Structure formats: C-alpha cells, structure tokens
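Chain residues, written in single-letter form:
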Amino acid sequence: MSANTLALIGFLAACFLVACSGAVFRPDNWYERLAKPSWNPPNWVFAPAWTVLYILIAIAGWLVWREAGFIPALGLYAVQLVLNAAWSGIFFGMKRPDLAFAELVLLWLSILGCILLFAPVSATAAWLMAPYLAWVTFAGALNYAIWQRNPRAA
C-alpha cells in the first residue's frame, strides 16, 4: 500500500473518530422537549449529511498533506476536528446550548481559517471544506435559535 493511500486512510480514520462523538452524544428526551424553530430538520438528516461532510473533510486534509506535507495549516485542521468532536458533548451531553454555540463560533472560525490556509496549497481542498462551513453556519443558526427559545435549558 502506498504512502498516499495510507495517509488517506489516516485522514478518513481521524474523521471517523470525530464522528464517534456524535454517536456517543445523541439527541435524547431532553432534546426532543426543546422548543425548536420550524426550519429544524428531522433528526435522520444529520447522519447522512455528516457522513458526506466527513468524507469531504478527510479528502481536503489529505490533499493538503499530499501537496505540502504536515504544514501549520494541518495544525488548524486538527484543531477544527477537536472542536467538531467537542460540540456534541457540550450540546447533548452537558445540555448546554449556550456553551455549544460559543464553541461552534470557534469551530466556524477554524473552518474558515482552514479554507484560507488551504487555498494557496490546494484550491480543491479549500472548496471541499466549503460545504462544511455552510453546514456549520446552518448548525450555528439552529443552535442559536434553540438556545434563544429555551433559555432555561442552559
């Protein structure tokens, strides 16, 4: 197996590990009782959306690595993965939509930073991160709306 293939598997595995936080901290009765906006998608939408996004995120990281090796941009990439993993635990585990929103702002900024740092190395990698930024923008709006509709939940 080539180094490129092993690296791609490594990036996919890292994203899979991050995805596990969403499997551990899942919507429960607390979440079901929260007041949500009318545009809140059904719960089943999140798993397929995140599956596609994690694949795109992994490929983006791999493309940057393939072009430039382990550059500082991949340090920020690792930070956004950690922030991504932490959100489910904060929102669903701690039941703190307020803290989850603050954390999500940091996640959003780290994704934007990755896009900006990836662009000179691989335009494709930067573009592969764009749907992730769009989804996290939507998730942030949803998180904020839920927090505002449920001030006692925080």
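Quick look at the structure, then.

### Concerning the overall build of the protein chain
Each helix and strand in the protein chain was counted, giving six helices and zero strands. Helices and strands appear in the protein chain in the N-to-C order α-α-α-α-α-α. Its C-alpha atoms give the protein chain a radius of gyration of 16 Å, near enough to 15 Å, the size a compact globule of 154 residues would have. With the C-alpha coordinates of the protein chain rotated into their principal frame, the extents come out at 50 × 30 × 25 Å. The 154 residues of the protein chain split such that 43% are buried. On the protein chain, roughly 8,000 Å² of surface is accessible, and the fraction owed to carbon and sulfur atoms is 72%. Each charge sign in the protein chain was given a centre, from 8 positive and 5 negative side chains, and these centres are 8 Å apart.

### Some words on the packing of aromatic side chains
Counted according to the given criterion, the structure contains 17 aromatic pairs. Plain terms: the ring middles of Phe11 and Tyr77 are 5.7 Å apart, the flat faces sit at 70° to each other, and that makes the pair edge-to-face. Taken as a pair, Phe11 in helix α1 (residues 3-24) and Tyr77 in helix α4 (residues 72-93) lie far apart in primary sequence, 66 residues in all. Residue class for Tyr77 comes out buried when judged on its relative accessible area of 3%. Here the aromatic rings of Trp65 and Phe70 are separated by 6.4 Å at their centres, their planes lie at 55°, and the arrangement is tilted. Using a relative accessible area of 71% as the deciding quantity, one classes Phe70 as exposed. Grouped by ring-pair contacts, the aromatic residues Trp30, Tyr31, Trp87, Phe91 and Phe92 constitute a single cluster. Here Lys36 stacks its cationic end above the ring of Tyr31, 4.5 Å away from the centre of that ring. Here the guanidinium or amino end of Arg66 rests over the ring plane of Trp62, the centre of that ring lying 4.8 Å away.

Quick notes on the rules
Residues numbered from 1 in each chain as written. Predicted model: local features only at pLDDT ≥ 70, side-chain atom pairs only at ≥ 80, totals over all residues. Heavy atoms only, no water. Helix = DSSP H or I, 4+ residues; strand = E, 2+ residues; numbered from the N terminus. Rg over C-alpha atoms; globule rule 2.2 N^0.38 Å. Buried < 20%, exposed > 50% of the residue type's maximum accessible area, 1.4 Å probe, protein only. Areas by Shrake-Rupley, 256 points an atom, 1.4 Å probe, with all protein chains shown as cover. Lys, Arg positive; Asp, Glu negative; His and termini not counted. Charge placed at Lys NZ, Arg CZ, Asp CG, Glu CD. Phe/Tyr/Trp six-rings, centres within 6.5 Å; stacked < 30°, edge-to-face > 60°. Lys NZ or Arg CZ within 6 Å of the ring centre and 35° of its normal.

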